[in-house]
Structures are given as structure tokens and as C-alpha cells.
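These are the residues of each chain, in order.
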Amino acid sequence: MPCPSSCPPGLLALMAPGLALMATFSLPSHAGDRRALPVEKPPGVKGRTLILLDVNTKSPVRIISENFLSLQLDPSIIHDGWLDFLSSRRLVTLARGLAPAFLRFAGKRTDFLQFHNVKNPAKSRGGPGPDYYLKNYEDARSLDKLYNFADCSGLHLIFALNALRRNPNNSWNSSNALSLLKYSASKKYNISWELGNEPNNYRTLIGRSVNGSQLGKDYIQLRSLLQLIRTYSRANLYGPNIGRPRKNVIALLEGFMKVAGSTVDAVTWQHYYIDGRVAKATDFLKTRLLDTLSDQIRKIQKVVNTYTPGKKIWLEGVGATSAGGMNNLSNSYAAGFLWLNTLGLLASQGIDVVVRHSFLDHSHNHLVDQNFNPLPDYWLSLLYKRLIGPKVLAIHVAGLQRKPRPGRVIRDKLRIYAHCTSYHNHNYVRGSITLYIINLHRSRKKIKLAGTLRDKIVHQYLLQPYGKDGLHSKSVQLNGQPLAMVDDGTLPELKPRPLRAGRTLVIPPLTMSFYVVKNVNALACRYR
């Protein structure tokens, strides 16, 4: 199946995703150089806070996957009739802008889909009508469309197989999965695999649970199937894609890791911030909400490192709410604070990949709306991809204040992350550094670059809501210019605002921004 005309052959990703370390006034020992910054007060700062910022440019504290920011499509697109739209030139253009990335095809309907190797189910004899297949089956035609979309967009497809087909002894029945694997191998589709989605919810879904030990055996069985098929003998396998790590979920993960920890290439879980509690846009500004992810990361890491130290961990499926978001809130500018902080927090704690749920058509958590228009989180993700490389740098900040106060107030509401600038961005030479900053304060904040960053030319990318809706806006502006697609095959140029060398960075209230510090010649950033 040919790609839309805008999909060039041999597509290479424009951008590698990156990571960042949250600014703290006292860095942990692994964060690099801890020398205190000079605290000489510059003239004219009396009566306001000035923040001095430096970055350790000698070596990165973490190196995360170039596919760090990845995407998810929910199988509901089959049920809801959206699959045919994946051939849209506009959608391919939007998806390609976020490459390189994984495209995970999984969600709540994963464990109810079955593969049927019929090109036109409506003409198959002796079976249910076409409506049944559209709602319950992943047929060959559907798989072809899905793979073609991923391939044209420069995304690597991860396909989650149905884990709820069970034998009488509760072991996994792999017959349908084997049919799908053989078909995709015959087409030479380059796919990675998973088994099931949120297995901790199976009792709620079908009244029948699968414990961690049995799930581990099922994954070993799937690995054996993959090894029997030449195309997939070395394919990657990810799992178990558990939900929020409560006590029963941790027990499931422990059982799985004991049996199959060495079988998977990365351990995966999901996180959704809110269970319907958010009622207004300003709730997305609450630092307590932004920080709920930290404790879950520690719980997952503790189990994984107990059984398979050093195993990569992915957050597969992240959004504002598990119920699909809230209209006028989770697809607004305000939701970007949660999304950008998630990227920084995961990077700082060593999570290798984060999969955003969802790229398209999953209620109100998606990046692209039902008219195929990019939402604020899409533009935020695009900037991230264009500017951020995979190397995380340690930062050090110090505040100058007329009256000493605890730094926590500033630290929690002004979040600063640093990376090497993406090597794929040819507007900047290697050795440049990108900062991104979240200002949750209702007042502007001023940052003076110090040390290795002092007196360097800076390019500003300031993202603000566009229009009268403010934080509720579904449109954004970059450095004062509204962002919109040029046409179905062209994304807009992301133009920076150059700042003169040595200029203080002024961060407007309730904004997100990126700053590329040019020509730093950072040792950590010279080589890939």
C-alpha cells in the first residue's frame, strides 16, 4: 500500500527526544558539579527575585532513548470507524513531525480484538456480518492500514496481542496470535510485540483474573512463538503493561518479574493523573498533582531492580485521566503543564520511553482532534522533538532575594530542565544546550545564565495560549505568532526569537518555554 504523496521514501526522523533534570536548589550527588554559584547581586535586582542558572557541561547524567517521546493509538479506532482515516496526508504529516518514535497500538479493547485473515470480511462465507468484524476483529486489511500509517510516518509499530483468549487451565491460547504473527511475517512487517493491556483489570473486565506468575509464563510462550518465526526471532517484546502500582498491582508485577523479567526487553506500566477530580484549568497548575508520578516511579523501579537490575522501564500510556480526559480541560493549553512536567520528571528519574495516550481519537487526551487539527500538547511535543536531544544535563540554580526564604516555593513552581540540543536540528551546532522551563507562578520570573552559559546568544521559543480563552485555549502561539499547519503536507516553521548575549531571561507567568543556548561547546554534547 503506497504512502500518501507527502511521505518520502527512506524517511529519517527529524528529531531525537530528550530528557531533563528538574531544577533543585540542592542537587543529589549523582547530578554532577555541586560548586556553589557566585552570589554577587547584580545591579537593579533589589526587591525582586533573580535566579542564577548554570549547567554541568562535562558529562550527561542520563542518556535516554531517542524514541523517548512516543505515541499510542487506541484500538477503539477500529470500533469507531476511524481506521480508514489513517491514510490521510494530513495525519501522516502530523505523525511524521513527532518521529522518531514508537507507535503503540493498544488500549482497553486490546483484549477483545481477534485477528481474522480475510481481506474483505463482508464477503466471507458462513461468518458474522461486516459490522461484527468492524467492532471485534483486527482483519488483514486493518493491519495493513495500521502498518502503512506507521511506516509512512517514520514510526516503529508496537502491537499488543489479545491476552484474554484462555485455555480451560487459564493458560494463554496463542492460536489466534499465531495467525496474526504468520500473516505479518508474510508481509515482512517490522513490528515489536506486547501481550494484553492492564492485566490487573481482568477480573473487572471478565470476572477472571490472571496472576503475575501465569502472565510471566504467557510471555515466555509468546517469546517462543516469536523465535519460531524467522521475521520475529529477534523482535522486541515489552510488558506487562500494568496499571497504577497499588498493592495488588505490585504483587502482580513481582510475580511476573520472577518468571519473565529476563524475557521482556523493557518493563512497562501506565499512569493517569486524575480520577475525575479536576474541575477547572487551574487545577493543572497544582504542584501536588504534578508530583504524584514520582512515588509511582520509585515503586516500579524498586521491583524491577530487585529482579532484573538495570532493566529498562517504560511508561506506556500516560494522560490526564484514564477515562479519556475532560472536554475543554485535558486538550487545552493548561494541560501542557502536566505533559511537559511529565517528560522532565520521567527523564530525571531514568525512565527510557514515555508513550502518550493518545495520538488521535481517544476522547479528550489526544494530540490531534477529530478534525485533524493539532492541539496544544501536539505543538508542545513538536517543539520538544525539534529541540531536545537524549542526553540529560545536571543543572544548578541559586536564588537572590532581598529577604531569605525557603527555596521550595520557587523550585516547585519554576521547573527547569536541561539537555544537549538535538543532533538532528541542523540550525544549531553540536555542543549547544537546550533548557525548557515551566513557570507556574502568577508573576514573571527572571533567570540569569551563569558559568558556562554566561554571555552566550540564546534562542527563545515561548509557547503561550492564543485567543481570548486563556488557559482553556485549544490554540497556541510561538513567540507571539499563532501556530497552524501551512497545508496538509506542511508543518509551520518554528521560528525562534534571538536574545542578545548576556540578556536576562524573563519568563512570563503561567507559560512554558524552550531556550537554546548556542555555541556553548559543551563537552557532553559534542558527540552522539
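The preceding data block contains the structure.
Not measured: the values here are computed from a predicted model. Residue indices follow the written sequence of each chain, beginning from 1 at its first position. Local features in this predicted model are restricted to residues of pLDDT 70 or higher, and side-chain atom pairs are both shown and tallied only at a pLDDT of 80 or more, whereas totals for entire chains, interfaces and linings draw on every residue. As a rule here, side-chain values cover all heavy atoms of the structure and leave hydrogens and water aside.

## Digging into the overall build of the protein
Here a strand is any run of E in DSSP of at least two residues, a helix any run of H or I of at least four, and the numbering for each starts at the N terminus. What the protein contains, in helices and strands, is 13 helices and 23 strands. Here the protein holds 528 residues, and 61% of them are scored as buried. Contacts are residue-level and defined by heavy atoms, with any inter-residue pair within 4.5 Å sufficient. Once local pairs closer than 6 in sequence are excluded, the contacts in the protein between residues at least 24 apart make up 82%. Per-residue and other accessible areas were derived by the Shrake-Rupley procedure at a 1.4 Å probe size, with only the shown protein chains allowed to occlude residues. When the accessible surface of the protein is summed, it comes to about 21,600 Å², and 49% of that surface belongs to carbon and sulfur atoms. Burial status follows relative accessibility: with a 1.4 Å probe on protein chains alone, a residue under 20% of its type maximum counts as buried, one over 50% as exposed, and anything between as partly exposed.

## Let's talk about the pattern of salt bridges
Put simply, a salt bridge is a Lys or Arg side-chain nitrogen that is within 4 Å of an Asp or Glu carboxyl oxygen. For the coordinates displayed, the defined rule picks out 14 salt bridges. A salt bridge links R166 to D218; the nearest nitrogen and oxygen atoms lie 2.7 Å apart. Residue R166 is found in the loop between β7 (155-161) and α5 (175-186), and its partner D218 is found in helix α7 (residues 212-228); the two are separated by 52 residues along the sequence. There is no split in this pair, since R166 and D218 are both buried.

## Description of the side chain of S422
Relative to the helices and strands, S422 resides in the loop between β15 (414-421) and β16 (433-439). Contacts described as polar in this section are N or O atom pairs within 3.5 Å, which, within protein, must combine one atom able to donate a hydrogen with one able to accept it, while residues neighboring in sequence count only if both atoms come from side chains. In this structure the side chain of S422 is engaged in a polar contact, spanning 3.1 Å, whose partner is the backbone nitrogen of H424.

## As for the packing of aromatic side chains
Paired rings are identified among Phe, Tyr and Trp, the last through its six-membered ring, by centres lying within 6.5 Å, and are further divided according to the angle between planes into stacked (under 30 degrees), edge-to-face (over 60) and tilted (the rest). In the structure shown here, the tally under the stated rule is 19 aromatic pairs. With 4.9 Å between their ring centres and 35° between their planes, F102 and W314 make a pair best called tilted. A residue pair is termed long-range when its members are at least 10 positions apart, and F102 in strand β4 (residues 101-105) and W314 in strand β11 (residues 313-321) qualify at 212 residues. Taken as a pair, F102 and W314 share a single burial class, namely buried. Summarising the aromatic geometry, the rings of Y219 and F256 are spaced 5.1 Å apart at their centres and angled 85° between planes, so their arrangement reads as edge-to-face. A residue pair is termed long-range when its members are at least 10 positions apart, and Y219 in helix α7 and F256 in helix α8 (residues 247-260) qualify at 37 residues. Across the pair, F256 and Y219 agree in class, each one buried. Charge-over-ring placement is defined geometrically: NZ (Lys) or CZ (Arg) within 6 Å of the ring centre, and within 35 degrees of the ring normal. R356 extends its terminal NZ or CZ atom over the ring of W339, reaching a point 4.9 Å from the ring centre.

## Digging into the pairing of strand β13 (residues 388-392)
Burial runs high along β13: five of the five residues are buried. As judged from the two bridges shared by strand β2 (residues 62-63) and β13, these two strands associate in the antiparallel manner. Opposite I63, over in β13, you have K391 as the bridge partner. Taken together, the two bridges between β13 and β15 define a ladder with antiparallel strand orientation. Bridged to V392 within β15 is H419. Any two strands are treated as partners once DSSP identifies two or more bridges connecting them.

## Things to note about a nonpolar patch on the surface
A residue counts toward a patch only above 30% relative accessible area and without a salt bridge, and it is joined to like-charged neighbours within 9 Å or, for Val, Leu, Ile, Met, Phe, Trp and Tyr, to nonpolar neighbours within 5 Å. Taken together, the side chains of F112, L205 and I206 present a nonpolar region at the surface, about 250 Å² in accessible area. Within the fold, I206 resides in helix α6 (residues 202-206). Exposure remark for I206: the relative accessible area of 37% places this residue in the partly exposed category.

## Quick notes on the packing of α8 against helix α10 (residues 292-307)
Across the interface, α8 lies against α10 with an axial gap of 9 Å and an inter-helix angle of 25°. The pairing of α8 with α10 is recorded here as roughly parallel in orientation. In the crossing of α8 with α10, the sense of the turn from one axis to the other is right-handed. Contact with α8, carried on its side by I250, L253, E254, M257 and K258, involves K299, I300, V303, V304 and Y307 of α10 and no other residues of that element. Of the residues in the contact of α8 with α10, the class split is seven nonpolar, no polar and three charged. For every element, the axis is a line fit to its C-alpha atoms; helices are fit only across the contacting stretch, and the angle between N-to-C directions ranges from 0 to 180 degrees. Oblique is the label for any angle not under 35 degrees, not over 145, and not in the 65 to 115 range, which are roughly parallel, roughly antiparallel and roughly perpendicular in turn. Should the near helix be turned anticlockwise from the far one by less than a right angle, the crossing is left-handed, and should it be turned clockwise, the crossing is right-handed. Polar here means any residue outside two lists: the nonpolar Ala, Val, Leu, Ile, Met, Phe, Trp, Tyr, Cys and Pro, and the charged Asp, Glu, Lys and Arg; Gly therefore counts as polar.

## Quick word on the state of the cysteines
When two cysteine sulfur atoms lie within 2.5 Å, the pair is treated as a disulfide. Per the stated rule, a full pass over the model turns up one disulfide. With its sulfur 2.0 Å from that of its partner, C420 forms a disulfide with C525. Here the S-S torsion is close to -80°, and the disulfide linking C420 with C525 is therefore left-handed. Residue C420 is located in strand β15, and its partner C525 is located in the segment after β23 (511-517); the two are separated by 105 residues in the primary sequence. The pair formed by C420 and C525 is uniform in burial state, with each residue classed as buried.

## Section: unusual backbone geometry
The linkage connecting A99 with the following residue, P100, adopts the cis geometry, with an omega of 0°. Mapped onto the fold, P100 is located in the loop between α2 (89-96) and β4. That bond from H357 to S358 is cis: its omega, 15°, falls within 30 degrees of zero. Within the element layout of this structure, S358 appears in the loop between β12 (353-357) and α12 (376-387). Although it is not a glycine, F372 adopts a positive phi angle of roughly 65°. As for its position among the elements, F372 is in the loop between β12 and α12. Under the relative-accessibility criterion, F372 is labelled buried at 11%. The backbone of N479 sits at a positive phi, close to 50°, despite the residue not being glycine. Within the fold, N479 resides in the loop between β19 (476-478) and β20 (481-482).

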